[in-house]
Amino acid sequence: MKYLYRIYQLLIALPLGLLATIITALVVVIGCSLGGGHFWGYYPGRLWSRVILWLLLIPVKVEGHAQLEKNQSYVFVANHQGAFDIFLIYGYLGRNFKWMMKQSLRKLPFVGWACEKSKQIFVDKSGPSRIKKTYEDARRTLQNGTSVTVFPEGARTFTGKMGNFKKGAFALADELQLPVVPMTINGSFHIMPRMRDGHFVNWHRLRLTIHQPVYPVGQGPDNVQATMQQAYDAIQSALDA
């Protein structure tokens with residue numbers, strides 16, 4: 001079955017996935033250029049993510065949608081197991097949001113262009129002024145009523161285990177007094193771990209667990225630390241062994 005799946009990837013999933021990626025990127029760029037970035041910056045990407053997972057025959061299970069309020073802005077934080085975290089969250093979170101993503105992703109063909117046009121937030125750490133601009137962009141997004149999604153580990157895991165969290169997303173939520181929503185991803189590491197980028201995809205189920213929002217109980221360093229610890233514990237509690 002493994003080799004049949006690889007042949008299927010080469011002959012069907014890969015060409016159709018590339019075509020879907022190019023079409024989606026062009027739709028996003030054109031739609032955002034004509035206006036309506038709130039719609040075109042999210043819904044085509046959501047459909048694209050579902051198509052990619054559908055083409056690769058990967059089943060998805062989502063738990064916890066009922067935890068979220070309809071018109072509330074959130075700072076979503078999740079563990080970062082692998083490249084397929086993007087498709088899982090974008091396709092199945094069910095909330096309009098902007099990504100906070102690495103600056104290097106801007107260089108991806110078509111995808112980087114679409115992300116730039118749709119006002120995704122690139123995290124540029126090349127200097128204090130660039131870091132400041134990153135957080136100004138995120139602050140503006142949240143104040144406009146849209147949520148943001150962050151991987152607080154900063155990079156994909158090499159081992160499948162969750163790493164330490166960085167404080168940036170939690171400090172932003174603290175400043176704006178917004179709830180943080182922890183999310184646990186399971187299965188992505190088995191599909192394509194970081195050290196297997198560019199290799200064949202391994203079939204594995206994906207599961208996204210949306211936990212209860214963590215609301216601020218104050219403001220300042222103590223609240224940042226407490227929120228970060230609560231989010232870490234929540235995500236860890238639903239990770240597969």
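(A) Examining the packing of aromatic side chains more closely. Tallied over the entire structure, the rule returns 14 aromatic pairs. Judged by centre distance (5.0 Å) and plane angle (80°), the ring pair of Phe 39 and Trp 40 falls under edge-to-face. Relative accessible area serves as the criterion here: at 43%, Phe 39 is assigned to the partly exposed category. Note on Phe 165 and Phe 170: the rings are 6.0 Å apart at their centroids and 15° apart in plane angle, and the pair reads as stacked. Judged by its relative accessible area of 1%, Phe 170 falls in the buried class. Taken together, the ring pairs in this structure connect Phe 39, Trp 40, Tyr 42, Tyr 43, Tyr 90, Phe 97, Trp 99 and Phe 151 into an aromatic cluster. Over the aromatic face of Tyr 92 sits the side chain of Arg 50, whose NZ or CZ is 4.4 Å from the ring centroid.

(B) Broad picture of the side chain of Thr 149. Mapped onto the elements of the fold, Thr 149 is located in strand E5 (residues 147-150). With residues up to four places along the chain from it excluded, the contact list for Thr 149 reads Phe 76, Ile 89, Leu 93, Phe 97, Lys 98, Trp 99, Met 100 and Met 183.

(C) Summary view of helix H3 (residues 43-55). Compared with the 18 Å implied by 1.5 Å per residue over 13 residues, the 18 Å span of H3 between its first and last C-alpha is a close match. Among all positions of H3, only Pro 44, Gly 45, Trp 48, Ser 49, Ile 52, Leu 53 and Leu 55 are buried. The arc that holds every buried residue of H3, seen down its axis, measures 165°, which confines them to one face. Projecting away from the buried face of H3 at angles above 90 degrees are the exposed residues Leu 47 and Trp 54. Check the buried side of H3 and you find it contacts helix H1 (2-34), helix H2 (37-40), strand E1 (60-63), helix H4 (84-92) and strand E7 (206-210).

(D) Here's a closer look at H4. Counting buried residues in H4 gives seven out of nine residues, a clear majority hidden from the surface. Within H4, the full set of buried residues consists of Phe 84, Asp 85, Phe 87, Leu 88, Ile 89, Tyr 90 and Gly 91. After H4 finishes, the residue Gly 94 shows a positive phi value of roughly 80°.

Conventions used here
Residues numbered from 1 in each chain as written. Predicted model: local features only at pLDDT ≥ 70, side-chain atom pairs only at ≥ 80, totals over all residues. Heavy atoms only, no water. Phe/Tyr/Trp six-rings, centres within 6.5 Å; stacked < 30°, edge-to-face > 60°. Buried < 20%, exposed > 50% of the residue type's maximum accessible area, 1.4 Å probe, protein only. Lys NZ or Arg CZ within 6 Å of the ring centre and 35° of its normal. Helix = DSSP H or I, 4+ residues; strand = E, 2+ residues; numbered from the N terminus. Contact = heavy atoms within 4.5 Å. Expected span 1.5 Å × (residues − 1). Arc of directions from axis to C-beta.

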